[in-house]
Amino acid sequence: MDRRDFLAASVAALFSGSLCAQPSGYRRLLVLIELKGGNDGLNTVVPHADDAYYRLRPRIGVRRDDVLQLDGRTGLHPALKPLLALWQVRELAIVQGVGYPGPNLSHFRSIEIWDTASKSDEYLAEGWVARAFAGHPVPAQFAADAIAVGGNDMGPLAGSGTRAIALSDPAAFLRQARLANPLGKAHNSALNHILKVEADIARAASQLHGGMQFSTEFPRGPFGNAVRVAAQLAANPAGVAAIRLSLGGFDTHQNQPNVHQRLLGELAEGIAALKSALLEANRWDSTLVMTYAEFGRRPQENNSNGTDHGTAAAHFIAGGRVRGGLYGEAPRLGELEGGNLRHAVDFRSLYATALERWWGVSSAGVLKGRFAPLDVLRA
Amino acid sequence: MLRLIFAVVVLLPGAAAAQGMGAADARHLLNRTGFDARLEQVEEFAKLSRGAAVERLLAGAGGVARTPAPGWVKEWTDPRRLRQMDAEERKLFVREQIERGLELKGWWFSEMAATASPLTERMTLFWHNHFTSSLQKVRSPALIYRQNALLRKHALGNFGELLHAVSRDPAMLVYLDAATNRRGEPNENFAREVMELFTLGEGKYGERDIREAARAFTGWSIDPASGEYLYRPLLHDGGEKTVLARSGNLRGEDVLDILLAQPATAEFVAAKLWREFVSPQPAPAELGRVAAVFRASGYDIRSALRALLATESFWAQGNRAALIKSPVELVVGTLRQFDIGFGDPLPFVLLLRALGQDIFSPPNVKGWPGGEAWINSTTLLGRKQFLDRIFRVEETRIAMQRPAMREKLETLKPGARRFMQAVADLQFSARDWQRPFEGREAMVPVVLLAAAPAGSPSGEGMDYVRALVADPVYQLK
């Protein structure tokens with residue numbers, strides 16, 4: 001090894017962490033995937049041994065023969081086949097029955113509750129990730145605190161103190177960022193805020209140049225593209241603590257089976273591609289992937305071959321340090337409340353897991369209460 | 001240098017106070033109460049006293065939109081008929097409603113861009129953000145249109161009348177679930193929001209008040225045959241109720257009157273008007289006086305605005321450029337300020353959605369939070385890109401006329417083609433716009449910016465104008 005190679009290797013090691021101890025704190029990346037519209041948890045993680053399931057869903061239920069069985073009671077929708085590989089190496093945790101007390105069935109209100117980690121009857125202005133960053137700042141040298149890929153709302157990243165960037169395509173972002181005008185003096189808080197956002201854009205743009213090239217093949221379509229962007233951002237040495245992706249179209253009131261099949265396929269292929277790319281970038285062990293949605297769907301199918309807004313649902317947690325398996329509680333279809341599932345795990349417990357166990361940030365202040373973290377991570 | 005020009009223009013009116021308020025004050029009043037401040041208007045208003053200028057704005061406001069409404073706004077489809085439709089028919093119906101929703105947004109956008117009374121549209125938008133209803137839930141563009149006409153009719157009228165009218169407005173009844181509010185099984189949605197968001201504000205009532213009020217509103221419903229308000233006595237709970245310590249066999253109207261009798265209502269609405277027109281943080285003593293005037297006038301909205309626009313805070317230098325323009329204010333204001341002509345409003349409707357203010361589709365019953373929440377990296381870059389491109393419409397038009405481009409246009413889907421065509425049809429003449437400023441170049445930054453620029457815009461002619469518009473201060477009003 002000559003001197004130049006040695007230097008290059010040291011620099012690479014410094015950034016990739018391969019020669020250092022496990023990355024900690026915000027060097028650990030949180031990837032949130034929003035399933036917009038409310039994903040049907042029951043047809044995603046199927047209680048295939050429960051006759052009540054097939055009674056409630058005579059037309060759209062996933063047939064027992066088609067289910068990818070995980071155990072005698074629980075299985076995955078066949079479109080989720082790409083996730084089986086993660087399940088088998090025990091890097092996929094499935095949390096069943098995630099919801100909250102006093103569920104709200106409006107898309108807008110319920111996603112606001114999830115985004116802000118509020119109580120059902122409480123209005124909070126800032127996203128839960130933003131609140132975490134406000135109390136425990138992300139290192140200033142990071143390119144950004146958080147990045148929302150695709151979509152134009154900031155969701156859980158929204159907050160006045162957060163350096164959060166939204167972009168769909170890094171190249172387009174870099175082109176547009178030339179319009180940022182961060183210099184100048186602020187004489188009031190409105191202008192101060194605008195100048196801060198301008199500076200955030202300029203800073204992120206200055207560090208996000210040059211995307212890593214992967215040999216991983218990403219699925220076609222907007223979600224596959226978003227996954228590629230997320231992998232590029234994760235691979236960038238400048239650092240980012242959280243990335244939010246979203247996959248839309250889960251509001252399956254009509255003709256659910258075809259639509260849902262396609263969406264779950266996109267989701268599973270996307271997560272599988274993300275793992276493959278992050279392994280290339282040596283970041284899979286320092287990444288935690290978590291899905292969320294405003295609600296699950298009504299157990300009883302409707303008359304249009306679909307499902308209406310519901311309450312609790314299953315969600316996925318994946319990553320190189322995840323302790324795979326089933327968590328939460330299988331749906332109790334015999335004990336519905338107003339036709340909907342009771343929740344078994346408060347969604348804020350998932351957030352507490354990310355905050356405490358992943359980032360090492362205390363969660364009680366951020367979540368305005370104590371929510372027990374799940375034991376889904378390996379030491 | 002620029003700061004110096006600003007100082008001179010701002011200080012000049014002091015000498016001429018006897019005749020009028022001067023250009024800087026005129027600019028401030030016009031921009032804050034409207035969308036823009038054009039040179040000829042600024043110069044005209046500069047000659048008036050502050051009080052006379054406010055009177056002129058108030059006198060010219062209110063009434064009906066002058067942009068012709070879409071032809072279908074009086075149509076109504078009985079929901080029972082809807083249930084009989086087969087899947088294909090239903091799909092076509094839903095698609096038509098979506099098209100109409102876009103058309104309706106375009107209609108309002110066009111009205112805002114064309115109106116002779118920007119204050120009327122600003123207040124209509126203010127009430128839309130106060131008495132929110134969304135196409136996403138109401139799903140009937142015709143009902144949303146009727147609500148908009150109602151809000152405009154009362155925009156500068158009487159708040160009590162507006163509250164009563166909007167409470168039985170069909171779009172509002174749908175939006176806040178009147179259909180499921182019936183005797184024996186009340187739905188508290190409307191009762192809660194009417195107290196929390198429309199009148200008293202949070203913390204000024206108890207859960208019991210909401211439960212009892214919900215019972216008073218039972219029976220308020222819509223006639224499925226006509227889409228009009230219908231009172232159904234059989235669904236009404238005629239029992240004894242107590243709301244805010246007033247007891248009796250209360251009807252919905254009685255509850256609204258009880259809410260109007262509370263001092264908190266005038267204070268709550270006045271504070272919201274303050275944040276819309278004056279500054280992010282109300283000054284308590286002055287706000288109290290505005291609320292008192294509002295209440296004493298029997299909720300006359302003009303009286304409240306007159307009092308608000310006479311406060312020291314409204315005119316204070318420290319509050320100039322202290323508010324962030326909403327997407328509507330930025331986009332409509334820019335088109336009006338630069339006299340940019342357009343035909344099809346579709347690109348602007350989509351732009352407003354991308355910038356976070358999808359009119360007729362507020363995010364939830366609380367409306368758009370506004371203020372600093374308008375600006376994040378995406379929306380700020382979206383704003384800047386719009387401002388960058390709007391001055392290049394000439395280049396765009398020329399580019400679109402190239403044969404290769406025309407061919408490419410033919411391959412686009414109809415929606416995308418319509419969008420591109422609308423962009424190509426935009427009209428802006430830099431020369432016409434600059435002509436009135438000849439010999440008065442110092443007025444350019446005064447007209448365009450609410451305060452001295454944050455950066456140091458430089459250049460000549462239109463380059464200088466574009467640099468001013470790209471300055472962060474252009475985002476402020």
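Heads up: the structure comes first, above all this text.
*Asks:* Can you help me understand the overall build of chain B in this one?
*Replies:* Scanning chain B from N- to C-terminus turns up 27 helices and four strands. Since a compact globule built from 477 residues should have a radius of gyration of about 23 Å, the 24 Å found for chain B is in line with a globular shape. Projected onto the principal axes, the alpha-carbon positions of chain B cover approximately 75 × 60 × 35 Å. Here chain B, with 477 residues, has 55% of them falling under the buried criterion. Contacts spanning at least 24 positions in sequence make up 72% of the contacts within chain B whose residues lie at least 6 apart. In the form shown here, chain B has an accessible surface area of approximately 20200 Å², with 54% of it arising from carbon and sulfur atoms. Counting 62 positive and 56 negative side-chain charges, chain B places the centres of these two groups 1 Å from one another.

*Asks:* Is there a simple way to think about the packing of helix H6 (residues 87–114) of chain B against helix H9 (residues 141–153) of chain B in this case?
*Replies:* Describing two packed helices takes the angle between their axes plus the distance from one axis to the other. All names here are of chain B. Between H6 and H9, the shortest axis-to-axis distance is 9 Å and the interhelical angle comes to 20 degrees. Taken together, the axes of H6 and H9 lie roughly parallel to each other. Handedness of the crossing formed by H6 with H9: right-handed. Taken together, the residues of H9 that come into contact with H6 (itself represented by Gln97, Arg100, Gly101, Leu104, Trp107, Trp108 and Glu111) are Pro141, Ile144, Tyr145, Asn148 and Arg152. Its residues placed into classes, the contact of H6 with H9 shows six nonpolar, three polar and three charged.

*Asks:* Help me understand the pairing of strand E8 (residues 240–248) of chain A in this model?
*Replies:* Every other side chain in a regular strand lies on the same face of the sheet, so the side chains alternate between the two faces. Residues and elements named next belong to chain A. Summarising burial for E8: eight of the nine residues are buried, a large majority. Pairing between strand E1 (residues 29–36) and E8: seven bridges, direction parallel. Considered in E8, the bridge of Glu34 is made with Ser246. Alignment of strand E6 (residues 144–149) against E8, held across four bridges, turns out to be parallel. Its bridge partner lying in E8, Ala144 is registered against Val240.

*Asks:* Explanation requested: helix H6 (residues 128–135) of chain A in the structure shown.
*Replies:* Helical geometry note: an α-helix holds 3.6 residues per turn, so side chains three or four residues apart project in the same direction. Residue and element names in this part refer to chain A. Across the eight residues that make up H6, a large majority, six, are buried. Regarding H6, the residues found buried are Trp128, Val129, Ala130, Arg131, Ala132 and Phe133. Contact partners of the buried residues in H6: E1, helix H5 (107–116), E6, E8, helix H11 (347–359) and helix H12 (364–367).

*Asks:* What am I meant to see in the interface of chain B and chain A here?
*Replies:* Often the size quoted for an interface is simply the accessible area lost on bringing the parts together. The interface of chain B with chain A comprises 33 residues on the first partner and 28 residues on the second. Buried surface at the junction of chain B and chain A, summed over both partners, amounts to about 2600 Å²; 61% is from carbon and sulfur atoms. Among the residues of chain B in contact with chain A, B:Glu372, B:Ser377 and B:Leu381 are the three that bury the most area, contributing 22% of the side total. Where chain B packs against chain A, one counts one salt bridge. Viewed at the interface, chain A and chain B are joined by nine residue pairs in polar contact (both at pLDDT 80 or more). Sorting the residues of the side of chain B that touches chain A by element identifies helix H12 (189–199), helix H20 (346–354) and helix H21 (377–390) of chain B as the ones contributing at least two each. The leading source of residues in the side of chain B that touches chain A is H21(B), at seven residues. Class assignment for the residues of the side of chain B that touches chain A results in 16 nonpolar, eight polar and nine charged.

The rules behind each value
Residues numbered from 1 in each chain as written. Chains lettered and ligands numbered in written order. Predicted model: local features only at pLDDT ≥ 70, side-chain atom pairs only at ≥ 80, totals over all residues. Heavy atoms only, no water. Helix = DSSP H or I, 4+ residues; strand = E, 2+ residues; numbered from the N terminus. Rg over C-alpha atoms; globule rule 2.2 N^0.38 Å. Buried < 20%, exposed > 50% of the residue type's maximum accessible area, 1.4 Å probe, protein only. Contact = heavy atoms within 4.5 Å. Areas by Shrake-Rupley, 256 points an atom, 1.4 Å probe, with all protein chains shown as cover. Lys, Arg positive; Asp, Glu negative; His and termini not counted. Charge placed at Lys NZ, Arg CZ, Asp CG, Glu CD. Axes fitted to C-alpha atoms, helices over the stretch in contact; angles between N-to-C directions. Parallel < 35°, antiparallel > 145°, perpendicular 65-115°, else oblique. Left-handed = near helix turned anticlockwise from the far one by under 90°. Nonpolar A, V, L, I, M, F, W, Y, C, P; charged D, E, K, R; others polar. Pairing = 2+ DSSP bridges. Buried area = accessible area lost by both parts, 1.4 Å probe. Salt bridge = Lys/Arg side-chain N within 4 Å of Asp/Glu carboxyl O. Polar contact = N/O pair within 3.5 Å; in protein donor to acceptor, adjacent residues only side chain to side chain.

Keep in mind these numbers describe shape, not what the thing actually does.
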